[in-house]
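An overview of the molecular structure
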Amino acid sequence: MSDGAMLIEAAQRLFADRIDDAAMRRARGGEWIGEAWDAIAEMGLPLALVSEEAGGFGVETVDALALVRLAGAHALPLPLAETMLANGALGAAGLPLAEGPAALIDGAGLTIAGEGAGWRITGTAARVPWARDLSTLVVADGAHTFRIGAGCTVAERSTNLAAMPRDDLAIDAYCEASGPATGVSPLLAGAALRSLQIAGALETVLALTIEHVSDRVQFGRSLSKFQAVQHELAKLGGDVAVAGAAADMAAEALAGDPAEATLAIAAATIRAREAAGSAVAIAQQLHGAIGFTVEHRLHWYTTALWSWRDEEGGTRYWSDLLGRAALAAGGAGFWQFVTEAA
Amino acid sequence: MMDAIRFSSPPRHEAAEALRHEVRAFLAETIPARTPLARSDSWNGYDRDFSRKMGARGWLGMTWPKQYGGHERSAFERYVVVEETLAAGAPVLSHWIADRQSGPTLLRFGTEEQKGRVLPGIAAGETCFCIGMSEPDSGSDLAATRTRAVRSADGWRITGTKIWTSNAHNADYMILFCRSGDSTPADRQAGTSQFLIDMKNTPGLTVRPIIDLAGQHHFNECHFEDALVPAGALIGTEGQGWQQVMSELAFERSGPERFLSSIQLIVELIAALQGSDSDLARAAIGRLTAHLIVLRRLSRSVAAMLEAGENPALHAAIVKDQGALFEQAIPDIARSLIDAEPDRAATSNYNAVLANIVLNAPSWSLRGGTREILRGIIARGLGLR
Ligand SMILES: Cc1cc2nc3c(=O)[nH]c(=O)nc-3n(C[C@H](O)[C@H](O)[C@H](O)COP(=O)(O)OP(=O)(O)OC[C@H]3O[C@@H](n4cnc5c(N)ncnc54)[C@H](O)[C@@H]3O)c2cc1C
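Computed from a predicted structure; not experimentally measured.

Once that is clear, we can look at a positive patch on the surface. On the surface, a cluster of positive charge is contributed by A:Arg221, A:Lys225, B:Arg380 and B:Arg385. Here A:Lys225 lies in the loop between β10 (221–222) and α7 (227–255).

Attention now moves to helix α10 (residues 313–337) of chain B. Helix length check: α10(B), at 25 residues, gives a terminal C-alpha distance of 37 Å against a target of 36 Å (1.5 Å per residue), a fit within 8%. With 18 of 25 residues buried, α10(B) lies mostly within the body of the structure.

Taking 1.5 Å as the rise per residue, α7(A) with 29 residues should run 42 Å; its terminal C-alpha atoms sit 42 Å apart, in good agreement. Most of α7(A) sits inside the fold, with 23 of its 29 residues counted as buried.

Before going further, it helps to spend a moment on the sheet that holds strand β1 (residues 102–106) of chain A. Sheet strands line up and pair through hydrogen bonds in the backbone, either parallel or antiparallel. Residue and element names in this part refer to chain A. Taking strand neighbours across the sheet as the criterion, the four strands line up as β1-β4-β5-β8 in an open arrangement whose pairing is mixed. If you trace the sheet from one side to the other, it starts and ends with β1 and β8 (178–180), each paired once. Each strand axis lies, on average, 25° off the axis of its neighbour in the sheet, ignoring direction. Where helix α5 (residues 80–93) meets the sheet, it contacts β1, β4 (136–140), β5 (144–148) and β8, and its direction lies at approximately 70° from that of β1.

As a further point, take the layout of surface pockets. Here the second largest pocket defines a volume of roughly 900 Å³. The wall of the second largest pocket is formed by 32 residues, among which A:Thr339, A:Glu340, A:Ala342, B:Arg12 and B:Arg300 lie closest to the centre. For the lining of the second largest pocket, the leading source of residues is helix α1 (residues 14–30) of chain B, giving five residues. Looking at the lining of the second largest pocket residue by residue, the classes come out as 15 nonpolar, six polar and eleven charged.

Each side of the interface is counted separately: chain A has 48 residues, and chain B has 46 residues. On the chain A side of the contact with chain B, A:Leu327, A:Phe334 and A:Trp335 bury the most area, a combined 18% of that side's loss. In this structure, the connection of chain A to chain B is made through five salt bridges. With its nearest N and O atoms 3.5 Å apart, the salt bridge here joins B:Asp279 to A:Arg316. Summed over the shared surface of chain A and chain B, the result is 14 residue pairs in polar contact (both at pLDDT 80 or more). Listed by contribution, the elements that provide at least two residues to the side of chain A that touches chain B are α6 (186–215), α7, α8 (262–287) and α10 (315–341) of chain A. Per-element tally for the side of chain A that touches chain B: the top contributor is α10(A), with 19 residues. Residue classes in the side of chain A that touches chain B are distributed as 24 nonpolar, eleven polar and 13 charged.

Many descriptions give the size of an interface as the accessible area lost when the pieces come together. All names here are of chain B. Structurally, chain B comprises domain 1 (2–127), domain 2 (131–240) and domain 3 (254–381). Relative placement of domain 1 and domain 3: their C-alpha centres are 20 Å apart. With 27 residues of domain 1 at the contact, the number on the domain 3 side is 32 residues. Regarding the contact of domain 1 and domain 3, the summed buried area is about 2,600 Å², with carbon and sulfur atoms giving 60% of it. Notably, a salt bridge pairs Arg296 with Glu83, separated by 2.8 Å at the nearest N-O pair. Elements represented by at least two residues in the side of domain 1 that touches domain 3 include exactly α2 (36–39), α4 (75–87) and α5 (93–109). Element by element, the count of residues in the side of domain 1 that touches domain 3 is highest for α4, at seven residues. By residue class, the composition of the side of domain 1 that touches domain 3 is 15 nonpolar, six polar and six charged.

In the predicted model, chain B carries a mean pLDDT of 95, and 99% of its residues have values of at least 70. For this predicted complex, the interface score ipTM comes out at 0.96, alongside a pTM of 0.96.

In the vicinity of the ligand, 16 residues are found, and the nearest of them are A:Gln227, B:Ser140, B:Trp164, B:Thr370 and B:Glu372. Positioned at a junction of chains, the ligand has nearby residues supplied by chains A and B. One of the backbone N or O atoms of B:Trp164 is found 2.8 Å from a nitrogen atom in the ligand. Take B:Glu372: an N or O atom from its side chain is 2.6 Å from an oxygen atom of the ligand.

Residue and element names in this part refer to chain A. The four strands are arranged β2-β3-β7-β6 in an open sheet whose pairing can be described as antiparallel. Pairing within the sheet leaves two strands with one partner each, and these edge strands are β2 (111–115) and β6 (152–156). On average, each strand axis in the sheet is inclined to that of its neighbour by 20°, with strand direction left out of account. Where strand β3 (residues 118–129) and strand β7 (residues 166–175) come together, nine bridges link them in antiparallel fashion. Its bridge partner lying in β7, Ala125 is registered against Leu169.

What follows concerns the UniProt feature "domain: Acyl-CoA dehydrogenase/oxidase N-terminal" (unreviewed entry) in chain A. Mapped onto the present numbering, the UniProt feature "domain: Acyl-CoA dehydrogenase/oxidase N-terminal" (unreviewed entry) falls on residues 5–77 of chain A. End-to-end, the C-alpha atoms of residues 5–77 of chain A are 23 Å apart, and along that stretch the chain is 60% helix and 0% strand.

Looking now at the pattern of salt bridges. All chains considered together, the criterion is met by 47 salt bridges over all chains. Two residues, B:Arg282 and A:Asp320, come together in a salt bridge whose shortest N-O distance is 2.9 Å. Here B:Arg282, found in helix α9 (residues 279–307), pairs with A:Asp320, found in helix α10, and the two come from separate chains. Judged by relative accessible area, which is 15%, A:Asp320 ranks as buried. When the shortest N-O distance is used, the salt bridge between B:Arg208 and B:Glu221 registers 2.3 Å. Residue B:Arg208 is located in strand β6 (residues 205–211), and its partner B:Glu221 is located in strand β7 (residues 217–229); the two are separated by 13 residues in the primary sequence. The partly exposed category is assigned to B:Glu221, whose relative accessible area is 21%.

In this structure's numbering, the residues bearing the UniProt feature "domain: Acyl-CoA dehydrogenase/oxidase C-terminal" (unreviewed entry) are residues 193–302 of chain A. Across residues 193–302 of chain A one finds 75% helix and 4% strand; the C-alpha atoms that close the span lie 17 Å apart.

The rules behind each value
- Residues numbered from 1 in each chain as written.
- Chains lettered and ligands numbered in written order.
- Predicted model: local features only at pLDDT ≥ 70, side-chain atom pairs only at ≥ 80, totals over all residues.
- Heavy atoms only, no water.
- Patch = residues over 30% accessible without salt bridge, like charges linked within 9 Å, V, L, I, M, F, W, Y side chains within 5 Å.
- Areas by Shrake-Rupley, 256 points an atom, 1.4 Å probe, with all protein chains shown as cover.
- Salt bridge = Lys/Arg side-chain N within 4 Å of Asp/Glu carboxyl O.
- Lys, Arg positive; Asp, Glu negative; His and termini not counted.
- Charge placed at Lys NZ, Arg CZ, Asp CG, Glu CD.
- Helix = DSSP H or I, 4+ residues; strand = E, 2+ residues; numbered from the N terminus.
- Expected span 1.5 Å × (residues − 1).
- Buried < 20%, exposed > 50% of the residue type's maximum accessible area, 1.4 Å probe, protein only.
- Pairing = 2+ DSSP bridges.
- Axes fitted to C-alpha atoms, helices over the stretch in contact; angles between N-to-C directions.
- Contact = heavy atoms within 4.5 Å.
- 1 Å grid on protein atoms, 1.4 Å probe; cavity = no way out; pocket = protein on both sides within 12 Å on 5 of 7 lines; lining within 4 Å.
- Points joined across faces, edges and corners; volume = space filled by probe spheres on them.
- Nonpolar A, V, L, I, M, F, W, Y, C, P; charged D, E, K, R; others polar.
- Buried area = accessible area lost by both parts, 1.4 Å probe.
- Polar contact = N/O pair within 3.5 Å; in protein donor to acceptor, adjacent residues only side chain to side chain.
- Domains from an automatic or database assignment.
- pLDDT = per-residue confidence, 0-100.
- Near = heavy atom within 4 Å.
- UniProt positions renumbered as here; feature names shortened; annotations may be inferred.

Shown next, in the form of structure tokens:
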């Protein structure tokens, strides 16, 4: 077995073990499930996107991104994807890695000014994942990467539909050092990670739905015997397959040349999100009323999907970006555009 | 279970990408004057001369052994040729069916004599095929075929009617699927065989046109009345027709023709939107572009599976189902962005192409396996019975 496959398998065991129903319920109740985070950190997963030279342990980027997909499959209520990304940016910029949970945000909405030998960063960042629990905030503005360890206060606590923290942060921080900004923008990287999480969660939704329609009996047979149910399930399977392929495309773009990543990630993002909406509607329908309760596990995944599909830029934003580029290619240039975009 | 519907990453193939430029240059030079309306016929466009030129370039039978006129190139190179010709709306019908499925079926199951006689002509773009599967009482339920071949002293005597046979009026050969023995209550699919039918020289075979909804003569009814074919017309093994025909379907279901049927409408739509500053239009074009990019990835992934010798029947069904949803959604997206009355005779390319696409769209979720049949295959692939 390859190192990558071994890592994924170990992470799968860890998630299955630590992110059990009790942990999910606690996280949904607003608790930071610290012992699960510690176990994940212990395994080194938050460093998976950091190169070996920068203090990582040499995980291939595609394997690291497979971890994000797996985290999605568990609707992991912890900022693993965010911390991986933040550490990846810190490592690439030659800055010290984060000691705990971290997130990477775009500096575009902040004021960044030279002060003494360093920089002062001020402003408000909206809906930062797990802001209340972060040890480190990483800001990238296209030219520089900054590491912020102190000087942030939560201005407003909020959560997404899956009770994952999305807080507004008031920032007034001084950074002594900065590094170059490399790779794609925080928004593109964030959207790519969300696509992977979506693909993972959809696989769980499909598995739950297959299990449910096979077990549930009405009219003397299991639901899976009804053709109408089979066809809806086939449609769900199609959505999951499409989202999976879109997520692979986003992952490859993220692992490849940053100059060529934008359109592929935009396309993957749009497509995975649309599939998520369609798939969740089918899964909820096929589960009946039990799926519409907090007793059943389904909602952990569907609520996460309903939020992830609107985070890191909305669908309108990404469609506009891709549509603008396609229109600029013109009718005669459209096909060439499609073959070169991804 | 989840692995069953994962599509592996299609590899980047340098030779295929180089070929792409050659094909584009060839198309630009060979069909520069083809109208948008004609291009929107997609793979229904018929032009023997064009097919011969494709053959002369070595772009038909590309993956087949050289001894049968093939070129021993990869499935990826073939894929590029196929998608580029379709995207350009080139008139591919004369070679299309033979290159896609009849040739591969013969290559796999045909006798030496059949292969030597027929394959080189396909690769040269000279030989045109049609598919004889559907019958009046046997559509989705292919095993219900009633056309019957009976062994005789001089070969086989065939009686029955095939219907919806695309391009039968032009084709040189048909691969006929029919009954050659009896089914059993336990096995409805038993007792079927495939035959190579010479469309031009089979006494007792008559081909009648059926005009389709779009007003075109595309498909036909093919009636066999005690038609005599030689003993050597049997393809593969007597009684194995079902297994043979099923292996043909993965080739028939996963290609780019399953999502490019309405590409010409997208092209005209984008052309018509030039200069507009509608953010509604940008978002809509962005969305459909995303769909197309991902569909193309799925289809290329299936091509890789075929190249590796796997049988991606489930994946092919997913591609065709998703592809048809996409193709059929395009007219409504276009209609939401531009007000135009569909009219094939219109001088506006957009209006004419819209008409052709609207009229032909219903067929895309029927031919090659209906949406409902595909969904059944996918559900079974996911473990449901
Ligand atoms: C443009 C065009 C070209 C064609 N070219 C060819 C050709 O070259 N050669 C050839 O052999 N055939 C050809 N066909 C025929 C095509 O393969 C058939 O139309 C198709 O297999 C469906 O058969 P049918 O039309 O008899 O519909 P039916 O099988 O009668 O189906 C009618 C409807 O009932 C649904 N249905 C049927 N069975 C089930 C079931 N078990 N569960 C749920 N729903 C069901 C179908 O999905 C469909 O919606 C062509 C068709 C078209 C439209």
